[in-house]
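In case you want the letters, here they are:
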Amino acid sequence: FYQSWVKICNQNKIEFKNKWGGDFAEYTDMILKNDNSITSQLAKLLGLHVSHEYYSMDAIFYSDEDLVINNPKNKTWTKTDGGIWLTSFQIAFEHENRPFGIDGAYQEICHLLTLKANLKVLVTYCDKEYLDGFVADLNSAIPRNVLDNTPILIIIGYEDAGEYIWRGYSIQGYLGVTEIH
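Residues numbered from 1 in each chain as written. Predicted model: local features only at pLDDT ≥ 70, side-chain atom pairs only at ≥ 80, totals over all residues. Heavy atoms only, no water.

Asks: Let's hear about the sheet that holds strand 5 (residues 152–160): which residues, and what values?
Replies: Pairing in this open sheet of seven strands is mixed, and the strands run 1-2-3-4-5-6-7 from one edge to the other. Each edge of the open sheet is held by one strand with a lone partner, namely strand 1 (49–51) and strand 7 (177–180). Strand-to-strand twist in this sheet, taken as the mean axis angle between neighbours without regard to direction, amounts to 25 degrees. Note: strand 6 (residues 163–171) against strand 7, four bridges, orientation antiparallel. Residue pairing in the sheet places Ile171 in a bridge with Val177 of strand 7. (Pairing = 2+ DSSP bridges. Helix = DSSP H or I, 4+ residues; strand = E, 2+ residues; numbered from the N terminus. Axes fitted to C-alpha atoms, helices over the stretch in contact; angles between N-to-C directions.)

As structure tokens, then:
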């Protein structure tokens, strides 16, 4: 996923340059909200579908096999009017423009901890000089007794000499942090 994220972001370098550090709503739309969003492009590249705001997650990536099939004999549920029901999640994805403070990255880590998914991802931002401490701090938010030992992939973006850099880390609480290349 990390390499796919970097590839898609590099393909959208001009749009990133135009929106990075500007209006948070426009930047979030580029990542999540429009038909050609980064998450939509990722889903296509990964051969998955994406749903935004399912279970209040920024994005859930799923396969055809994850869909509940509408069975006309089943009378316990009604049509979704275009919505979906999923039996499992391939990727649970959160994006946080403002990682610091009470509503920042900690909240997103906790949200990811509550869901079962094959992969959990948080994309956020931090100045390069604070990167190592920030990652360690995020890792410390994972309690020792968490039931789901799925690591969380943290992708952190920062600007360095006019270039947009992405770094990936797998965090697993007391089991540690691994940088992904």
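Asks: Give me the lowdown on the pattern of salt bridges, citing residues and values where you can.
Replies: Summed over the entire model, instances satisfying the criterion amount to three salt bridges. Close ionic contact of Asp160 with Lys128 constitutes a salt bridge, the shortest N to O distance being 3.4 Å. Taken as a pair, Asp160 in strand 5 and Lys128 in the loop between strand 4 (119–125) and helix 6 (131–140) lie far apart in primary sequence, 32 residues in all. Judged by relative accessible area, Asp160 falls into the partly exposed class, the value being 33%. For Glu179, the salt bridge goes to Arg167, with nearest N and O atoms at 2.7 Å. Of the two residues, Glu179 sits in strand 7 while Arg167 sits in strand 6, which places them twelve residues apart along the sequence. Of the residues examined, Arg167 reaches a relative accessible area of 21% and is grouped as partly exposed. (Salt bridge = Lys/Arg side-chain N within 4 Å of Asp/Glu carboxyl O. Buried < 20%, exposed > 50% of the residue type's maximum accessible area, 1.4 Å probe, protein only.)

Asks: Lay out the pairing of strand 2 (residues 59–62) in plain terms, naming residues and giving numbers.
Replies: Alternating residues of strand 2 divide into Ala59 and Phe61 and Ile60 and Tyr62, and every residue in both groups is buried. As paired strands, strand 1 and strand 2 are joined by three bridges and run antiparallel to one another. Looking at the pairing, Ser51 lines up with Ile60 of strand 2. In this sheet, strand 3 (residues 91–95) lies alongside strand 2 in antiparallel orientation, the contact comprising three bridges.

Asks: A description of the layout of surface pockets should follow, citing residues and the corresponding values.
Replies: As a volume, the largest pocket reaches approximately 260 Å³. Counting only elements with at least two residues in the lining of the largest pocket, the list comes to helix 3 (24–33) and strand 5. Here the element with the most residues in the lining of the largest pocket is strand 5; it accounts for three residues. Considering only residue class, the lining of the largest pocket consists of nine nonpolar, four polar and four charged. (1 Å grid on protein atoms, 1.4 Å probe; cavity = no way out; pocket = protein on both sides within 12 Å on 5 of 7 lines; lining within 4 Å. Points joined across faces, edges and corners; volume = space filled by probe spheres on them. Nonpolar A, V, L, I, M, F, W, Y, C, P; charged D, E, K, R; others polar.)

Asks: Break down the packing of aromatic side chains for me, with residues and values.
Replies: Within the structure shown, the criterion is met by twelve aromatic pairs. Plain terms: the ring middles of Trp5 and Phe93 are 5.9 Å apart, the flat faces sit at 35 degrees to each other, and that makes the pair tilted. Here the residue Trp5 occupies a position in helix 1 (residues 2–11), and Phe93 occupies one in strand 3, the gap between them amounting to 88 residues. Across the pair, Phe93 and Trp5 agree in class, each one buried. Each ring, one from Tyr27 and one from Tyr125, has its centre 5.7 Å from the other, and the planes form 75 degrees; the classification is edge-to-face. Here the residue Tyr27 occupies a position in helix 3, and Tyr125 occupies one in strand 4, the gap between them amounting to 98 residues. The same class applies to Tyr27 and to Tyr125, which are both buried. In this structure an aromatic cluster arises from ring pairing among Phe1, Trp5, Phe16, Tyr27, Phe61, Phe93, Tyr125 and Trp166. (Phe/Tyr/Trp six-rings, centres within 6.5 Å; stacked < 30°, edge-to-face > 60°.)

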